[in-house]
Number of protein chains: 2
Amino acid sequence: MRKETRIILAIDETDGRKAVSVVKEVRDHIDAVKINWPLILSAGPEMITKLSKMTDVICDLKVADIPNTVRLIVEGAVARGAGAVIVHAFTGEDSLTAAVEAAKGAEIYAVTEMSHPGGVTFTAKHAEEMARLGMKCGVDGFIAPATRPERIADIRKIIGAKKILSPGVGTQGGSASSAISAGADYVIIGRSIYNSPEPRKAASDMERDIRSVL
Amino acid sequence: MRKETRIILAIDETDGRKAVSVVKEVRDHIDAVKINWPLILSAGPEMITKLSKMTDVICDLKVADIPNTVRLIVEGAVARGAGAVIVHAFTGEDSLTAAVEAAKGAEIYAVTEMSHPGGVTFTAKHAEEMARLGMKCGVDGFIAPATRPERIADIRKIIGAKKILSPGVGTQGGSASSAISAGADYVIIGRSIYNSPEPRKAASDMERDIRSVL
């Protein structure tokens, strides 16, 4: 994944045609597109391949299974054109290692703390442990919430030079520039670009906000 | 899902044609088929619909995301023909509630403890809490490992009359009859049937083993 605009466009919806058209429109202003299961269930796994011809595709599959199934999911996504896959660290060392080994050139990002209210009950309690486990297993980077920039800084202390992708910018309240200032390498932006009447202008405005702190 | 043979066939592989042919062969000896993401990534989400015309389909998607994404995944799987969806409980109350609300007539099963070695690090520590959370959110049942029948009995104490589906029978070492004796409603059996030279005979033998303790 290149590191130019530092923007990853998240598509959290199910309309395959809209996904393709928005990515086409904003591709110069993003480093990658992040898609997840709802789009695959609706538009088919061919969507990974189609989007990968326009930009890097991060499959945000939140993989959370036993090692053999993790391996098959990562292999399947990479075979379809994914450049990166997001997996949970909650499943422990063997599952995380299976993801890293199956990636073969693609990147693996681990979720430690989840950003929604329910993420506090179990995941937040173990976020630092999971970050250390991710380091041990050799993941390429981590997900840390832009809505809580202090948590980005905490995770950064544990993971050294590994990459941080930071969701929650825009509609969810986080600011792109403050996430980058706190140590994120990329911000993940969804609705503020995707549902904007002018997606290209929205992406370009975000890019300018980020450049102001670089 | 009917409760006759108490056998759920797990297809943990990626060959769509073999999946259809094995289900066709053993359908009288199973109550449902359980599929997961590797098959969907390889053969497409249409596989859910195709199999649902032969038997009940449990989508073992191990859903572990924020509430809105959980909702979209459950809705997508149910729209394709899933009769049940398996979700994680470690994402907390809001995500689990989103799954139950999105199911609309389909069933939601929650994973508490995972059966692989890495499952001990984080999930086993919170298994009872997660079972109680599942009860609070109104899930239809739980997953508990046949490889540790004493854990089935522990979970049963918390969940009353809710259903337990129990994986790990056969190749992984668990016995169908001892899982059912410990309180499981259904056993999930994969390779011992799927990879048998005679799948129909293997399923029928399992059925006989289960009937011996009913």
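Up top you'll find the structure we're talking about.
Okay, so let's go over this structure. (Residues numbered from 1 in each chain as written. Chains lettered and ligands numbered in written order. Predicted model: local features only at pLDDT ≥ 70, side-chain atom pairs only at ≥ 80, totals over all residues. Heavy atoms only, no water.)

### A few points about the packing of aromatic side chains
Any two aromatic rings considered together are summarised by their centre-to-centre distance and by the angle between their planes. Counted under the stated rule, the structure contains three aromatic pairs over all chains. Measuring from centroid to centroid gives 3.4 Å for Trp37(A) and Trp37(B), while their planes differ by 5 degrees, and the two rings are stacked. A residue pair is termed interchain when its members come from two chains, as with Trp37(A) in helix 2 (residues 37-43) and Trp37(B) in helix 2 (residues 37-43). One aromatic cluster is present, formed by Phe90(A), Phe90(B) and Phe122(B) through successive ring pairs. (Phe/Tyr/Trp six-rings, centres within 6.5 Å; stacked < 30°, edge-to-face > 60°. Helix = DSSP H or I, 4+ residues; strand = E, 2+ residues; numbered from the N terminus.)

### Here we look at the relation of the copies chain B and chain A
When chain B is fitted to chain A, the residual RMSD is 0.0 Å, and the transformation amounts to a turn of 180 degrees plus an axial shift of 0.0 Å. On this basis, the relationship between the two copies can be described by a two-fold rotation axis. The C-alpha atom lying nearest the rotation axis in chain B is that of Gly44(B); the distance is 2.9 Å. Same-surface contact between copies: 100% of interface residues of chain B are shared with the interface of chain A. (Least-squares fit on C-alpha atoms with pLDDT ≥ 70 in both. Contact = heavy atoms within 4.5 Å.)

### As for the interface of chain B and chain A
Counting from both sides, the interface comprises 43 residues of chain B and, opposite them, 43 residues of chain A. Regarding the contact of chain B and chain A, the summed buried area is about 3300 Å², with carbon and sulfur atoms giving 68% of it. Together, Leu41(B), Phe90(B) and Phe122(B) form the three largest contributors to the area buried by chain B at its contact with chain A, with a combined 25%. Along the contact surface separating chain B from chain A lie two salt bridges. Across the salt bridge formed by Asp65(B) and Lys62(A), the nearest N and O atoms sit 3.3 Å from each other. At the surface where chain B touches chain A, the tally comes to 15 residue pairs in polar contact (both at pLDDT 80 or more). For the side of chain B that touches chain A, the secondary structure elements donating two or more residues are helix 2, helix 4 (67-80), helix 5 (93-103) and helix 6 (127-137) of chain B. In terms of residue count, helix 4 of chain B provides more of the side of chain B that touches chain A than any other element does, seven residues in total. (Buried area = accessible area lost by both parts, 1.4 Å probe. Salt bridge = Lys/Arg side-chain N within 4 Å of Asp/Glu carboxyl O. Polar contact = N/O pair within 3.5 Å; in protein donor to acceptor, adjacent residues only side chain to side chain.)

### Looking at the nonpolar core
In globular proteins that are soluble, nonpolar side chains generally tend to be buried together. Counting 135 residues, the largest nonpolar core has Ile35(A), Leu51(A), Val85(A), Ile35(B), Leu51(B) and Val85(B) as its most contacted members. With near-sequence residues (within four places) excluded, Leu51(A) lies in contact with Ala19(A), Val20(A), Val23(A), Val33(A), Ile35(A), Leu39(A) and Val57(A). (Core = buried A, V, L, I, M, F, W, Y, C linked by side-chain atoms within 4.5 Å. Buried < 20%, exposed > 50% of the residue type's maximum accessible area, 1.4 Å probe, protein only.)

### Things to note about the environment of Leu51(A)
As for its placement among the helices and strands, Leu51(A) is situated in helix 3 (residues 46-52). When the C-alpha atoms of Leu51(A) and Val23(A) are compared, they prove to be 7.7 Å apart, with 28 residues separating the residues in sequence.

### Quick look at the side chain of Thr112(A)
Along the polypeptide, Thr112(A) turns up in the loop between strand 5 (107-111) and helix 6 (127-137). Filtering out sequence-adjacent residues up to four positions away, Thr112(A) remains in contact with Thr123(A), Ala127(A), Met130(A), Ala131(A), Phe142(A), Ile143(A) and Ile155(A).

### Overview of helix 10 (residues 199-211) of chain B
Residues and elements named next belong to chain B. Given a rise of 1.5 Å per residue, 13 residues ought to cover 18 Å, and the 18 Å separating the end C-alpha atoms of helix 10 matches this to within 8%. Taken together, the buried positions of helix 10 are occupied by Pro199, Ala202, Ala203, Ser204, Met206, Glu207 and Ile210. Residues of helix 10 that are buried sit in contact with strand 1 (7-11), helix 1 (16-26), strand 7 (163-169), helix 8 (176-182), strand 8 (186-189) and helix 9 (191-194). (Expected span 1.5 Å × (residues − 1).)

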